[in-house]
Every structure is written in structure tokens, then in C-alpha cells.
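Secondary and tertiary structure notes
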Amino acid sequence: MYLAITMLVLLLLAGVIGFRFFANYNWIDAVYMTVITVTTVGYGEVNPLDDTAKLFAVFLILTSLGVITFSLSVLTEYIVMQSNPKLIEYKKIQKMISSFKDHVIICGYGRNGKQVAKKLHAHNKPYLIIEHKKEIVDKYQSIDRPMIYGDAIDDNVLKQAGIYKANCLITALPEDADNLFIVLSARQMNKELKIISRASKTSSYKKLRLAGADNVIMPDSIGGDHMASLVVVPDLIEFLDKLSLVGKGSVNIEEVPSEKFIKAKEQKSIRNLDIRSRTGCTIIGYKTPEGKYTVNPEADQVIEQGSRVVVLGNAKQIEKLNGIYDISIEFE
């Protein structure tokens, strides 16, 4: 609407100024000629036009045809949308989807897909859901839960979801064959994409990894292992269950990139960082740039560029950590 109104105003201004200077009309006559020309009413000219003024009138008529047609279509769409709030929301969602970058694509909005979306939303990570059931899309789609109706097996649907700009793809469909097909397609379309797949059968694990999945998760296996652990080491599991990873206000464990702590080409040890006394948080893990993990690293462990540290603390300590180490000035 703003674009249409702006174009109409500019068209009228151009017409008035053009007739004023090309045809030597006074301002009133210039406005009159502009209106009857743009609206193609067909009244006679105020005064005869010379060749220059006639060429300008032709230009104005041709331009006004495009502008008026565009403005009428926009106005019609606006009126229709005002009577249909869902259509307005749909347009907003489509605009938001087209602007996504470094987002997560979730294939399937079943039990696992819902859990993935919930956690990503809690961490303010942009995500997009591909769902092939129209009734689910109609029920759950919103600005906070953007969805695309289609089958993730279709390459065109993956393109619509912005797979070339995405940071990660999580396929959580119930059938391993569908997940395998999606992994193959996604890996071919984006070599740098991080792909996480769900698997129901143990035999599918290796196939999914060979197809290009970076991680393969078996929910049934994880659930069974968790229940067995509640029998073997119940107190430990209950304690771990209390550790929250969801939401900025209740996080107990945080993964922090080394760039938060050190500048380029700089190396510092955990002892030098002194995170414990500064924030109360404790470093419980270290991941090297090559991907090697160290649990409970020594104080002399050197933090390298491209590495990550895992810290443990209560909600206030984690919040303080994010506040302080959001800037590198503390360590200059």
C-alpha cells in the first residue's frame, strides 16, 4: 500500500510539473490536465499542445496505465486481506521465510519435531518447519511457528525452505526411508549444511551416516537407556534432569565459543581466564577446533581459536557469564 500510494503521488507530481513547464499551463490547468490524462477521462485539452508537450502526454499515459493497474491490484488485495486476518498473517510468514538466513529446517512436526521447535524457540534460533499434512499446517502455523506445506522429499520444497541459506536441517519423520531420502537430497544441495536425522531402526543408523547425516538420533534407544539409568543410578539421573538447557532465564549449562574470551591469534589458559571467580561458573568441558572433547579440563588447558568451552552454573551465574563475556574488553 505504501509503495502504491508513493507511486501515485509521484505520478501526479510528475504530470503537474510536466504540463506546467512543457505546455506552459498555469498550476490549476496543469493539475486538471494531469488528472484527466491519468484517469483517461478523455476531455479536451485546455490549450493546444506542441510536439514536446504531446510526447510528454504520451509518456504520462503509458506510465499511468502501469501505475494505476498496480495500485488497483494492491488496493483490492488490501481490502480482501483486511476481511481475512489469516491471510495477513500468511503474508507476514511468507515475507519472514524469504528473509531467513542461517536458520534451521525441521522436516516433520510430529512428537520429535515439536520438541525440536520448542527448544529452538526457547533459544531464539530461527527455524522453519516443513509439514506434508495440510491440517497440521492450518492448525499450528503462526509467526512464532513458521511452516511450509509440502513434502520435504521434494527438492523444490527444500529450495522454498531456503536450504542453500540454512545452517542446519533436522529430519524427524517417522519412516527411516523418508529420512534417508531427505538426507541424500539435502547433502547434495548444500555440502556445508549440518544434518541431523531421526532413526527408528539400528540398521538405519549406518545408512543415514553414509548418506551424509552428521548426527543420527534414535529416540527409542535414548528413552530406554534413560529409564534403565533411573534404576541403576537414580540420584545422578534425577540431578541431570534438573539441569535446564531451555530458555535464557533458566539455563544451567552453556556452550561458549573461544572468540568470546580471546582475540585473534591469542592463546590463554583456563587459569588465566579465571571464569570461576568472575562469574561463579565452572568450566566442565572443552572442545578443540578438531572436535576432540575433554571432560573437566585442567586449569593449564590452553583455549585455542575455534575451540569451545562448556560451563556449568545457576541461572544468575550463566546470565552474568553472557553479560561479561559478550565483550572481549575484559581480557584486553
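First, a word on what this report is: a plain description of the structure on this page. Everything quoted here is computed from the prediction, not taken from an experiment.

Parameters at a glance
- All residue numbers refer to positions counted from 1 along the written sequence of the respective chain.
- With the structure being a predicted model, the display of local features is reserved for residues of pLDDT at least 70 and the display and counting of side-chain atom pairs for 80 or more, all residues being used for whole-chain, interface and lining totals.
- The side-chain values count all of the structure's non-hydrogen atoms but skip hydrogen atoms and water molecules.
- Put simply, a salt bridge is a Lys or Arg side-chain nitrogen that is within 4 Å of an Asp or Glu carboxyl oxygen.
- Secondary structure is summarised from DSSP: a helix means a run of H or I of at least four residues, a strand means a run of E of at least two, and numbering begins at the N terminus for each.
- Partly exposed residues are those whose accessible area sits between 20% and 50% of the maximum for their type, while under 20% is buried and over 50% is exposed, using a 1.4 Å probe and protein chains only.
- Under this scheme, a helix contributes an axis fitted over its contacting stretch, all axes are lines through C-alpha atoms, and angles between N-to-C directions fall in the 0 to 180 degree range.
- With respect to orientation, any angle under 35 degrees is reported as roughly parallel, any angle over 145 as roughly antiparallel, any angle of 65 to 115 as roughly perpendicular, and every other angle as oblique.
- For a crossing to be left-handed, the near helix must be turned anticlockwise from the far one by less than a right angle; the clockwise case is right-handed.
- Should any heavy atoms of two residues lie within 4.5 Å, those residues are counted as being in contact.
- Residues are grouped as follows: Ala, Val, Leu, Ile, Met, Phe, Trp, Tyr, Cys and Pro are nonpolar; Asp, Glu, Lys and Arg are charged; all remaining types, including Gly, are polar.
- One requirement defines pairing of two strands: DSSP has to find at least two bridges between them.

1. Looking at the pattern of salt bridges
Oppositely charged side chains can pair when the atoms bearing their charge come close. One pass over the structure, following the stated rule, counts four salt bridges. Close ionic contact of Arg187 with Asp214 constitutes a salt bridge, the shortest N to O distance being 3.1 Å. Placement of the pair is Arg187 in helix α8 (residues 176–189) and Asp214 in the loop between α9 (202–211) and β6 (215–217), with a sequence separation of 27 residues. What makes Arg187 buried here is its relative accessible area of 12%. Salt-bridge contacts for Glu255 lead to Arg308; the nearest nitrogen and oxygen are separated by 3.1 Å. Taken together, the residues Glu255 in strand β7 (residues 253–257) and Arg308 in strand β12 (residues 308–312) connect sequence positions 53 residues apart.

2. What to know about the packing of α8 against α9
Close contact between α8 and α9 brings their axes to 9 Å; oriented N to C, the two are set at 15 degrees. As far as their axial angle goes, α9 and α8 are roughly parallel. Both α8 and α9 take part in a crossing whose hand is right-handed. Side by side, α8 and α9 meet where Asp176, Asn179, Leu180, Val183, Leu184 and Arg187 of the first sit next to Ser204, Lys207, Leu208 and Ala211 of the second. Looking at the contact of α8 with α9, its residues break down into five nonpolar, two polar and three charged.

3. Structural notes on the sheet that holds strand β2 (residues 127–131)
Spatially, the six strands line up as an open sheet ordered β3-β2-β1-β4-β5-β6, and their pairing is parallel. The sheet is open, and its two borders are formed by β3 (147–149) and β6, each paired with just one other strand. For this sheet the average axis-to-axis angle between neighbouring strands, irrespective of direction, equals 20 degrees. In this fold helix α5 (residues 111–122) packs onto β1 (104–107), β2, β4 (168–171) and β5 (194–198), with an angle of close to 160 degrees to the strand it touches most, β1. α8 contacts β1, β4 and β5 of the sheet and is inclined by roughly 175 degrees relative to β5.

4. Focus on the sheet that holds strand β10 (residues 293–295)
If you walk across this open sheet you meet the four strands as β7-β12-β9-β10, and the pairing is antiparallel. Of all strands in the sheet, those bounded by a partner on one side alone are β7 and β10. Going across the sheet, the axis of each strand differs from the next one's by a mean of 25 degrees, ignoring polarity. Inspection of the sheet shows strand β9 (residues 282–287) paired to β10 by three bridges, in the antiparallel sense. Each residue of the ladder has a partner; that of Gly285, found in β10, is Val295. Packing against the sheet, helix α14 (residues 315–324) makes contact with β7 and β12, and its axis sits at approximately 15 degrees to β7.

That's the geometry; what it means functionally is another story.
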